[in-house]
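Chain by chain, the residues run as shown.
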Amino acid sequence: MSLLLTFINRAVESGIIWKLLNILPIISKLLLVISIGIIFGFVPMDGSFRNTYISENALMPNQAYSQFRETEWNIVRGFRNEISDLKIWNLDIRNRIVRNWLDDFGLETDLFQTDYDSAFNNGIKSEVLYGILNGQRCDGTEAMLIAAPWYNSENNYNVGGVSVAVALTKFFTNWPVWSKNIILVIPETPGYDLRAWVESYHEDLKLTGGSIETAIILDYAMDSDSFDHLDVEYIGLNGGLPNLDIINTAIHVAENEGVKVSINGMQSFSKPSHEFSNRLQHIAVGLQKMALAGLEPLKGHEAFSGWRIQALTLKAIGHGGNSDITTFGRIPEAVTRSVNNLLEKFHQSFFFYLLLSPKLFVSIANYIPAAILLSVSYAAMSIDAIVQTGFLTSNDKMINIQTIEAFVLYLLSMVVSLLYRQFITLIKNRNLSIEQQGKFIMVLQVFFVFTSYKVYKPKKTTKILMQSIAFMHFSLALTLLLALNFGLCFGMGVLAYPMALAVDKNISKIRQRILLLVSNPFIAIFFMYSFTQDRWSWNLFNVMVSSWDNMSCWTWPVVSCSWLTSWILIVLSCNGEQESVNKEPKSIKQE
């Protein structure tokens, strides 16, 4: 301890501390570059990742011979023909016909009425059909869930998925091995309808089957007897990820059945996993989906986020491949039988990871330093602003009228950020199209940047204090978020950094305003989201609000309470006069 104090004293006496404080903006930029380099340079590099493996030995995938084979072909085809004919009927008629089938199988069934209007049948409320198969060897405290929505995330009729789900349920009734209940859920869509059912299941639903351990959503939206490959979607809301064991089990089972597997829509089997570019693309897509979870079309597994349910979506892609529809059914069968072996919840494997391919992953210890460095880079900008005030080298009181003014403006910025939700709801109720609403919000950001100086111009000290508060607020927000939702934390930190460049004293006003526009949360997220969707997504802001209201997706409150608050403060501070402050004390200069 004494050695450390000696080192610090010598550093202060030599002036190194003040020299470092003088280059804090450069250090901040360097930390940003290092952070990006870690994610897109170090993480996909050889030696940073590992092969996936199954930690929980009790799962034992493929130890038992899968029975859902060609003997069930005619049953699946029969259900598929019947379900295909039901497409022309309303939702309530389809549900009642399928409910009769499930009753005949011996399941306890019920219909759950949601508060949402049916997306495909005007004039009726959406409802969810579900049934519970009681395991012969269980006490009713645990359950495994299989869901197949009538329509998938692309609004295609999920005829194959519902057919396989019903046929599997009938097949499961003949097996006396179940130590957990099996729940079959058939919502109209995989989004709000399924989420409403999950919430009700954990709150006030009368017919329940115990704590849900796993949820598998089946998406086979075609009449084809065969498919090309299987896509596994697993990223939930708010950065939530299922236990890596459940993903490894599904991939292991699929590959054992001779099915090609991709993750997050990336056809990784078409490129060797040893290619650096392939791993880099998987990281970029994984972070994008983690950051935009809840804003993109919902696949189904997102509905189970927040209840420690290990959920994933299995989607059949392509027509006329080497794998038939019964092969698709064997995958959820084998996964269900593996989970049936567990005596406790998933806990052995990782809950924080990034997949670089279906068979490669990197743990949190390798990528979390990138988010930490991003947070520190904004903290460095905050400390730099504090140094500019001169409080560290003078005897002036830190609590004065300028400090109070900066803090009051910080509170007002927070209030405005919170009221933005009501503002978007207000314009949504006007007679404006979705495109007009989106354009109006974008124009409002531009208007604020170029006209706010006419309303308020802070004094020199107030301006610098506002910047210090804004950067520290954003740094703390990133610190709180980095472990909960790494994708959103990293995306916000990188996209918002232009506002740190905008406070440079030597920058021109027009360049400063451009940097402020680029770093605006709504503008930055809009262009990023539109780029990933290959179209102008003017409904993004309504989707953000509705996802918070209906799916408990944190993206809207996180962006508005952290990023938007800091951005408003930075914009107001940039309206003040430029200041040139000497950071080093006179004694250091004389030396």
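Rules behind the numbers
Residue numbers here run from 1 along each chain, matching the order of that chain's written sequence. Reporting of local features is limited, given that this is a predicted model, to residues whose pLDDT is at least 70; pairs of side-chain atoms are given and counted only at 80 or more, and all residues count toward the totals for whole chains, interfaces and linings. Side-chain numbers come from the whole structure's heavy atoms, not from hydrogens or water. Strands are runs of DSSP state E lasting at least 2 residues, helices are runs of H or I lasting at least 4, and numbering of each runs from the N terminus. For this measure, only C-alpha atoms enter the radius of gyration; the expected value for a globule follows 2.2 Å times N^0.38, where N is the number of residues. Burial status follows relative accessibility: with a 1.4 Å probe on protein chains alone, a residue under 20% of its type maximum counts as buried, one over 50% as exposed, and anything between as partly exposed. Note on definitions: a residue-residue contact is assigned when non-hydrogen atoms from the two residues lie within 4.5 Å. Each accessible area is a Shrake-Rupley result for a 1.4 Å probe, and residues are judged covered by the shown protein chains and nothing else. Strand pairing is assigned whenever DSSP detects at least two bridges linking the two strands. Here the axes come from fitting lines to C-alpha atoms, over the contacting stretch only for helices, and the angles between their N-to-C directions go from 0 to 180 degrees. In these notes, a set of buried Ala, Val, Leu, Ile, Met, Phe, Trp, Tyr and Cys residues joined through side-chain atoms within 4.5 Å is what counts as a nonpolar core. Salt bridges are defined as contacts in which a side-chain nitrogen from Lys or Arg sits within 4 Å of a carboxyl oxygen from Asp or Glu. On a range of 0 to 100, pLDDT expresses the predictor's confidence in each residue.

(A) Looking closely at the overall build of the chain. Looking only at helices and strands, the chain has 21 helices and twelve strands in total. Taken over C-alpha atoms, the radius of gyration comes to 28 Å for the chain, in line with the 25 Å a tight globule of 591 residues would show. Projecting the C-alpha coordinates of the chain onto the three principal axes gives extents of approximately 90 × 60 × 45 Å. Within the span of the chain, comprising 591 residues, buried residues form 56% of the whole. When contacts within the chain are restricted to residue pairs at least 6 apart in sequence, long-range pairs at least 24 apart make up 82% of them. For the chain, the exposed area adds up to about 25600 Å²; of that, 58% sits on carbon and sulfur atoms.

(B) Molecular detail of helix 17 (residues 509-518). If you check which residues of helix 17 are buried, you get Gln512, Arg513, Leu515, Leu516 and Leu517. In this structure, the buried residues of helix 17 make contact with helix 13 (434-451), helix 16 (498-501), helix 18 (521-533) and helix 20 (555-573).

(C) Summary view of the sheet that holds strand 1 (residues 50-51). Read from one edge of the open sheet, three strands run 1-12-11, paired in antiparallel fashion. What marks the edges here is a single partner per strand, and that holds for strand 1 and strand 11 (353-357). Across the sheet, helix 11 (residues 364-389) is in contact with strand 11 and strand 12 (360-363); its angle to strand 12 comes to roughly 55°.

(D) Local environment of the pairing of strand 6 (residues 211-219). For strand 6, a buried count of eight out of nine residues is recorded, marking the element as mostly surrounded by other parts of the structure. With six bridges joining them, strand 4 (residues 142-147) and strand 6 adopt parallel strand pairing. By the bridge assignment, isoleucine 146 is partnered in strand 6 with isoleucine 216. By the bridge criterion, six bridges tie strand 6 to strand 9 (residues 310-319) in an arrangement that is parallel. In the strand pairing of strand 9, threonine 214 is matched with glutamine 310.

(E) Spatial organisation of unusual backbone geometry. Backbone geometry at asparagine 264 places phi at a positive 55°, although glycine is not the residue there. For asparagine 264, the position within the fold is in the loop between strand 8 (260-263) and helix 9 (276-291).

(F) Spatial organisation of the nonpolar core. In this structure, Leu314 and Phe486 are the most contacted members of the largest nonpolar core, which totals 147 residues. Among the elements that take part in this core, helix 20 stands out by supplying eleven residues, more than any other. Excluding anything up to four places from it in sequence, leucine 314 contacts Ile216, Ile217, Leu218, Asp219, Leu230, Asp231, Val232, Ala250, Phe328, Ile331 and Pro332. If you look at the next biggest cluster of nonpolar residues, it comprises 23 residues, including Ala147, Val185, Trp197 and Ile309.

(G) Focus on the pattern of salt bridges. Evaluated as defined, the whole model comprises 16 salt bridges. Two residues, aspartate 117 and lysine 125, come together in a salt bridge whose shortest N-O distance is 3.1 Å. Here lysine 125 falls in the partly exposed class, since its relative accessible area comes to 38%. Here glutamate 142 ties to lysine 180 by a salt bridge, and the two come within 3.7 Å at their closest N and O atoms. With glutamate 142 in strand 4 and lysine 180 in the loop between helix 6 (159-172) and strand 5 (181-186), this pair connects stretches of sequence that are 38 residues apart.

(H) Quick peek at the confidence of the model for the chain. Here the chain averages 88 in pLDDT, while 92% of its residues score no lower than 70. Counting contacts from residues 580-591, a segment whose pLDDT is below 50, to residues more than four positions away or on other chains yields 18 contacts.

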